[in-house]
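Here's the letter readout for the chains.
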Amino acid sequence: MPSEQLTTIYSHHTVYLQRLGATEGFKVTPYLELIENDVVSILNKYRKRKITAALQATIQKEVNESSRKHLQDYTSQLKVENRALGAYEGELAASTLNGLIDDEDFNAVSPSAAVINSVANITPIKLGDNSYTSYSSMMSNYWQKWANEVDGIVLNGFQEGATIREVTNSILSQIEVSKSGTTKSVFDRARRSARSLAVTGTNHYANTARIAFVDENDQLLEGYRFLAVNDSKTSSRCRSLDQRVFKVGSSDLKKATPPLHPHCRSALTFEVADKYKLDSDETKKASSFNIDGKRDPKPIDSDSIYYANMSKLNARDQDNILGPTLGKAFRRMDNPAQFAKATLDEQFNPLTIKQLRKKNDDLGKILQQIEKEKKAARLARINAKNKTNT
């Protein structure tokens, strides 16, 4: 079927997008280095001056202008790269489907870059449970946050240093870009934040391009299929949505359009109208669960859901993903599809064990029974201890 082949293609394509997003995040480094160089130049310009309130205000103003300029330049470049990616995703979808489906009545067309850009700008980005932002706000929040962080470091530097040299040393020790990128300096944290920003922005544009593509080809496509990465790092929300289908016009689509959280790697692919069939063999997609603490990349069926694939792991590896209580409930329930649906609320937010236990469905009853068993076991241990002491 077309959906299975598309799942395989887009599962592999998602890996490419993850790498692309990470690469775009690393591109912030030269901009951070420019700010660092400007800070040194600005402070060096006034190195022979006595520190006064007026001089401090001048230096802070010049550093702020530098950090704002270079950080805005980075986000502007990232926006250009994302817009280009959106246009590419539209063309990729058209060429992929036209190549897969050998039917003279099927002719998918790519939406314009302007249309894709419009959809990307009006589609919210989910940050967490009932928390959203826009693409534009996400970009501006990045440069504003880190420009403000630099302002704070400069302000603190004047509190710690009695001379310009001492102020310079204080500031540079807290903002410098390290080779490892793993320190707690402002610019190392800004670089890690840029990676998250770029990965999220890349995934947002890729998936909103697919929404625009379906809108453009709604006579050929019935909707969307949600794809979660099948590995041990996938969030509970994305695990439970894996392989779920959303018809064109579904009110649930907005709640399920990736990214669904920072660093989200999930994707939408397409559901082709039933009248367009493909002669297809069994297709595979990649997985990379942690097996006994080690990554185990292994191809799996393209149409199998996350929890069906996870059910093939041993109990310890399942517990590492779900936690021991939910892992035990998963095995007792023995129904991956039902488990996936039971772990999300109507807004597709993941439910806590406490919330799940209050539900009167199969999973809730299993968790209630597990809780009774835990209480009985605790009471038995207390009684045994009391007998030993008497």
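Everything below is about the structure printed above this text.
Residues numbered from 1 in each chain as written. Predicted model: local features only at pLDDT ≥ 70, side-chain atom pairs only at ≥ 80, totals over all residues. Heavy atoms only, no water.

Let us now look at the overall build of the chain. On a plain count of helices and strands, the chain comes out with 15 helices and 10 strands. Taken along its principal axes, the extent of the C-alpha atoms in the chain is 85 × 75 × 35 Å. Across the 390 residues of the chain, 49% fall into the buried class. Of the roughly 19,200 Å² that the chain leaves accessible, carbon and sulfur atoms contribute 50%. (Helix = DSSP H or I, 4+ residues; strand = E, 2+ residues; numbered from the N terminus. Buried < 20%, exposed > 50% of the residue type's maximum accessible area, 1.4 Å probe, protein only. Areas by Shrake-Rupley, 256 points an atom, 1.4 Å probe, with all protein chains shown as cover.)

Here we take up the side chain of His13. In this fold, His13 is placed in helix α1 (residues 2-26). Ignoring anything within four residues of it in the chain, the contact list for His13 reads Tyr88, Glu89, Leu92 and Arg210. (Contact = heavy atoms within 4.5 Å.)

Here the focus is the pairing of strand β1 (residues 125-128). Relative to strand β2 (residues 131-133), β1 runs antiparallel, the two being bridged by 3 bridges. In the strand pairing of β2, Ile125 is matched with Thr133. (Pairing = 2+ DSSP bridges.)

Attention now goes to the packing of helix α12 (residues 324-333) against helix α15 (residues 362-389). Interaxial distance between α12 and α15 falls to 10 Å at its minimum, and their mutual angle equals 125°. Put simply, α12 runs oblique to α15. Taken as a pair, α12 and α15 cross one another with a handedness that is right-handed. Residues Thr325, Leu326, Lys328, Ala329, Arg332 and Met333 of α12 touch α15, and the partners they reach there are Asp362, Leu363, Ile366, Leu367, Gln369, Ile370, Glu373 and Lys374. In terms of residue class, the contact of α12 with α15 is made up of 7 nonpolar, 2 polar and 5 charged. (Axes fitted to C-alpha atoms, helices over the stretch in contact; angles between N-to-C directions. Parallel < 35°, antiparallel > 145°, perpendicular 65-115°, else oblique. Left-handed = near helix turned anticlockwise from the far one by under 90°. Nonpolar A, V, L, I, M, F, W, Y, C, P; charged D, E, K, R; others polar.)

With that out of the way, let us pick up the state of the cysteines. Overall, the coordinates contain 0 disulfides when judged by the stated rule. Cys238 carries a free sulfur, and the closest cysteine sulfur to it, the one in Cys264, is 3.8 Å from it. (Disulfide = S-S within 2.5 Å.)

To continue, consider the nonpolar core. Note on soluble globular proteins: their nonpolar side chains tend to be buried together. Within the largest apolar cluster, 40 residues are counted, with the highest numbers of intra-cluster contacts made by Ile59, Tyr74 and Tyr142. Taken together, the elements giving at least two residues each to this core come down to α2 (29-45), α3 (53-100), α5 (135-160), α6 (164-175) and α7 (186-216). At 11 residues, the largest contribution of residues to this core is made by α5. With near-sequence residues (within four places) excluded, Tyr74 lies in contact with Glu24, Gly25, Lys27, Val28, Tyr31, Tyr142, Ala194, Leu197 and Ala198. In this structure, Ala93, Phe270, Ala273 and Tyr276 belong to the second largest nonpolar core, which totals 36 residues. (Core = buried A, V, L, I, M, F, W, Y, C linked by side-chain atoms within 4.5 Å.)

It is worth spelling out the pattern of salt bridges at this point. Within this structure, the stated rule accounts for 19 salt bridges. Here Arg225 makes a salt bridge to Glu271, at a shortest N to O gap of 2.8 Å. Taken together, the residues span a long stretch of sequence, with Arg225 in strand β3 (residues 221-227) and Glu271 in strand β6 (residues 267-272) at a distance of 46 residues. Given the relative accessible area of 13%, Arg225 is considered buried. Glu271 gets classed as buried once you look at its relative accessible area, which sits at 11%. The salt bridge partner of Asp252 is Lys255, with a shortest N-O separation of 2.8 Å. (Salt bridge = Lys/Arg side-chain N within 4 Å of Asp/Glu carboxyl O.)

This brings us to α2. Counted at 1.5 Å a residue, the expected span for α2 with its 17 residues is 24 Å, and the 24 Å between its end C-alpha atoms agrees. Among all positions of α2, only Thr29, Tyr31, Leu32, Ile35, Glu36, Val39, Ile42 and Leu43 are buried. (Expected span 1.5 Å × (residues − 1).)

Moving on to the packing of aromatic side chains. Overall, the coordinates contain 11 aromatic pairs when judged by the stated rule. With a centroid separation of 5.9 Å and 45° between ring planes, the pair formed by Tyr307 and Phe330 is classed as tilted. Here Tyr307, found in helix α10 (residues 306-310), pairs with Phe330, found in helix α12; they are 23 residues apart in sequence, far enough to count as distant. Residue classification places Phe330 among the buried positions, given a relative accessible area of 4%. Aromatic side chains Phe330 and Phe339 sit 5.0 Å apart centroid to centroid with 80° between the ring planes, which places their arrangement in the edge-to-face category. (Phe/Tyr/Trp six-rings, centres within 6.5 Å; stacked < 30°, edge-to-face > 60°.)

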